[in-house]
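Each chain, written out:
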Amino acid sequence: MQPDVPEPSRSAEARPRPTLVGAPAPGRRRNNGYMSQPSAEARAQAPAQAAAPTPVQHAQPSVGSIAAHRPHTVAAAVSDLEPDLDSDLDVYEEESGGDGMELPQGRFLDRERSWLGFNERVLELAEDPTTPLLERANFLAIFASNLDEFFMVRVAGLKRRIATGVATRSASGLQPREVLDLIWTRTRELMARHAACFQEDVAPALADEGIEIVRWPDLSEKEQARLFTLFRQRIFPVLTPLAVDPAHPFPYISGLSLNLAVVVRNPVTGHKHFARVKVPPLLNRFLEAAPGRYVPIEDVIAAPAHLEELFPGMEVLAHHMFRVTRNEDLEVEEDDAENLLQALEKELMRRRFGPPVRLEVEESIDRYVLDLLIRELKISEAEVYPLPGPLDLTGLFGVSSLDRPELKFPKFVAGTHRDLAEVESASAPDIFAALRERDVLLHHPYDSFSTSVQAFLEQAAADPDVLAIKQTLYRTSGDSPIVDALIDAAESGKQVLVLVEIKARFDEQANIKWARKLEEAGCHVVYGLVGLKTHCKLSLVVRQEGETLRRYSHVGTGNYHPKTARLYEDLGLLTADQQVGADLSDLFNRLSGYSRRETYRRLLVAPKSLRDGLIARIMKEIEHHRAGRPAYVRIKVNSMVDEAVIDALYRASQAGVPVGIWVRGICAVRPGVVGLSENIQVRSVLGRFLEHSRVFAFGNGGEPEVWLGSADMMHRNLDRRIEALVRVQDPAHRAALSRLLETGMSDTTASWHLGPDGDWTRHATDSDGQPLRNVQEMLIDARRRRRGSAKP
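From a predicted model like this one, the values you see are computed outputs, not experimental measurements.

(A) Region of interest: the overall build of the protein. The helix and strand tally for the protein stands at 20 helices and 30 strands. Per-residue burial for the protein yields a buried fraction of 60% across its 792 residues. Within the protein, contacts between residues at least 6 apart in sequence are counted, and of these 77% link residues at least 24 apart. Entry remark: accessible area of the protein is about 30,300 Å², with carbon and sulfur atoms responsible for 51%.

(B) Broad picture of the side chain of T749. Counting through the fold element by element, T749 comes out in the loop between α19 (731-745) and β29 (751-754). Looking at T749, its side chain comes within polar contact range of the side chain of R773, at 3.1 Å. Residue contacts for T749: discarding those within four places in its chain leaves T743, G744, H763, L772, R773 and V775.

(C) Quick look at the pattern of salt bridges. A full pass over the atoms with the stated rule returns 47 salt bridges. Between R323 and D392 there is a salt bridge; the shortest N-O distance is 3.3 Å. Of this pair, R323 sits in strand β10 (residues 315-326) while D392 sits in the loop between β12 (384-387) and α10 (396-400), placing them 69 residues apart in sequence. Salt bridges linked by common partners bring R436, D463, D465, R543, E545 and R550 together as one network.

(D) Structural detail: the pairing of strand β9 (residues 293-296). Side chains R293 and V295 of β9 all project onto a buried face; the interleaved residues Y294 and P296 project onto the opposite face, where all are buried too. With two bridges connecting them, strand β4 (residues 212-213) and β9 associate as parallel partners. Considered in β9, the bridge of E212 is made with R293. Across four bridges, the pairing between strand β8 (residues 286-290) and β9 is antiparallel. Bridge pairing in β9 places A290 opposite R293. As consecutive antiparallel partners, β8 and β9 are separated by two residues, and within that stretch G292 has a phi angle of approximately 80°, a positive value.

(E) Region of the structure containing the packing of helix α3 (residues 133-164) against helix α4 (residues 176-208). Contact pair α3 / α4: the axes reach a minimum separation of 11 Å and the direction vectors enclose 165°. Considering the angle they form, α3 stands roughly antiparallel to α4. Once α3 is placed against α4, the crossing between them reads as left-handed. The residue inventory of the contact of α3 with α4, partitioned by class, reads 23 nonpolar, two polar and four charged.

(F) Structural detail: the sheet that holds strand β7 (residues 272-278). Judged by pairing direction, the sheet is mixed, and its six strands sit side by side in the order β5-β7-β6-β10-β11-β12 without closing on themselves. Each of the sheet's edge strands pairs with one partner strand only, and the pair in question is β5 (241-244) and β12. Between one strand axis and the next, the sheet turns by 30° as a mean value, whatever way the strands run. Sheet topology note: the β5/β7 ladder contains four bridges and is antiparallel.

(G) Just the packing of helix α2 (residues 111-127) against α3, in detail. The contact between α2 and α3 brings their axes to 7 Å, and the two run at 165°. One way to sum up the angle between α2 and α3 is to call them roughly antiparallel. Of the two possible hands of crossing, α2 and α3 adopt the one that is left-handed. From α2, R111, E112, W115, L116, F118, N119, V122, L123, L125, A126 and E127 reach across to α3, where they touch R136, F139, L140, I142, F143, N146, L147, F150 and R154. Grouping the constituent residues of the contact of α2 with α3 by class yields 13 nonpolar, two polar and five charged.

(H) Seen up close, the nonpolar core. Of all hydrophobic cores here, the largest spans 122 residues; its most connected members are I235, V399, M640, L649 and M713. Among the elements that take part in this core, α3 stands out by supplying 14 residues, more than any other. The residues contacting M713, other than those within four sequence positions of it, are L610, L614, V637, S639, M640, V641, D642, V645, F696 and L718.

(I) Geometry of helix α5 (residues 221-235). Burial in α5 covers these residues: E223, L227, L230, F231 and I235. With its buried residues spanning 105° around the axis, α5 presents them on a single face. Projecting away from the buried face of α5 at angles above 90 degrees are the exposed residues E221, K222 and Q233. For α5, the elements touching its buried residues are β8, β9, α6 (297-301) and α7 (304-310).

Conventions used here
Residues numbered from 1 in each chain as written. Predicted model: local features only at pLDDT ≥ 70, side-chain atom pairs only at ≥ 80, totals over all residues. Heavy atoms only, no water. Helix = DSSP H or I, 4+ residues; strand = E, 2+ residues; numbered from the N terminus. Buried < 20%, exposed > 50% of the residue type's maximum accessible area, 1.4 Å probe, protein only. Contact = heavy atoms within 4.5 Å. Areas by Shrake-Rupley, 256 points an atom, 1.4 Å probe, with all protein chains shown as cover. Polar contact = N/O pair within 3.5 Å; in protein donor to acceptor, adjacent residues only side chain to side chain. Salt bridge = Lys/Arg side-chain N within 4 Å of Asp/Glu carboxyl O. Pairing = 2+ DSSP bridges. Axes fitted to C-alpha atoms, helices over the stretch in contact; angles between N-to-C directions. Parallel < 35°, antiparallel > 145°, perpendicular 65-115°, else oblique. Left-handed = near helix turned anticlockwise from the far one by under 90°. Nonpolar A, V, L, I, M, F, W, Y, C, P; charged D, E, K, R; others polar. Core = buried A, V, L, I, M, F, W, Y, C linked by side-chain atoms within 4.5 Å. Arc of directions from axis to C-beta.

Shown next as structure tokens:
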């Protein structure tokens, strides 16, 4: 079945060269043709994938409270909801695709604007009254967390490049300063919408449901007295007011911390003084003043009587909240580092002192205080964001975690995949026996991670016939059963190789910890190749079976993270196929030793063969279409910004090949441009689960070819990472993945549609106002029906 895309309006031969009105002129160009692959060493060092900071355990106040830090499952989900941010600002120089037709300038959408469009879609879920109330609060927190990361990485990178004079035009044709101005304007609009959604919509709705977020003046005397006791016992002892005067320089303001700017007057001298009080990050963000009534901790600290405790004998004139976002990206020169682990640990210490890139203040702030902050932080007026309080709505993660199931999405518990389920026995299934019968295509979170991938590794660790386990770890949880299984395997005498990517952005410290723990247990721990990050999701088990060795493999699209596997939508292939096993053996040998292998049997591997392999298949679809054979391209990714791949898709569209792109985050494709991309449709799906899988399907003349794996279509993924896609062989699995892609692209599925101008339009209802089908709910219902019809 072909996806619903319009037929070309005229033949490719008769089509005029497309033009884009108002397209910016390109700047300096970089040679990066369709089939050219620059070496990893020649590219800029790769920035790591964005992620939320590892949650910190903290003592609970004696009064009931909402957690200051988001739960780990949510934290990881939020981190990946932010698309990977690429530091490459150079413009791609297209080469002829073989038909001599020149592609127009201005054919790429701006990636920064596209990212902001993605976060706007998150905000639209929070604004949607049909979204369950606590989920709306959760989406507000996700939006805020995403934007924090965007400023810490992307905006910080832009400012750094402008300051050093190394930035060039973006692929969209914009100068870095133009991009920065666009960001400042757009983020100001979105942050205002975000604050209004909370103040005018979500907060009142929460109050109607008995969850009140109130400010200090709204509290009763009894509630204030209760919190005064809490303040004296649990908050006051950890506060440190810092004065600013000739003897006390302006203090360092840590990134993303909440701070009080306090103005006091000495009653003896009459002199006014400025002081800063940092809100301790290990205390809870919201404190329970009474059942169902919560107050921000900064309001408790700033209460008049409490400030008098902090500044005894002084007259408190004013106080204002502010929050600073800093550049927190890492730059490690691996080529010069004798020990990558030590170099990264040093850089982690430097991260704390990155320059400011945003200043959030309460809109009521006194101009004198604001001028002082701008001057001392060395920040521009354009980077100041006045907002109604409370600031830092990432604290709403705590609200969304309240135990009110009627205000959340209906609970869903994943079941064991039917090919792994043991219906006649209470014992755990023999996964190796199941894989000897057939490949297993997993779809998380609809299929349980714990009874599939986790059980695969746990069974391998406990099986005396297993000789070796090889594993990549990009991110994992703090109490990971995956790490425990690998340690058990090593301690039982098995050979265990673990490739830990310690440069996974914002998870560096956690990954260093797990690397050392694995080393201490006897695992062989390696950190990949210099200049490349290892992002592929691979597991290989070698088992003695009689006189032969058999290899069992897992290739996935998501991290080996049991907690986020309940929130991320991901795909994985479990197989005993010996070609896949041989490929993984070769790839692991490359990662741990010395190998120049670039071609594999059933894998496409970046940075050498993945981009070229996909482009070759896209171009092959043009040949199939011209010969009258079935042809199409369907892609599902998190991000689509690689210019060479996009240009191949444009050429396929020009030839009449229907192209469907299902993208979660940023997309630089301009769909629907006559003569260029009228055969391209772009859709985006956001919902209760994080769409995270990557799938590539081709009509292939009637013999569909489908690949899945870890790679997004970005410079960083294709040039500066080890990524792997596996070709899906089983016809039933190919058909299932094709149906998934058709469903996501269908006009009857709720989604956002991308227009040629870069604007996203939400399509949630049909022409009669009836809700369109929700692809995630459809898959949940299908799993429930399947379990309900299973017979013992």
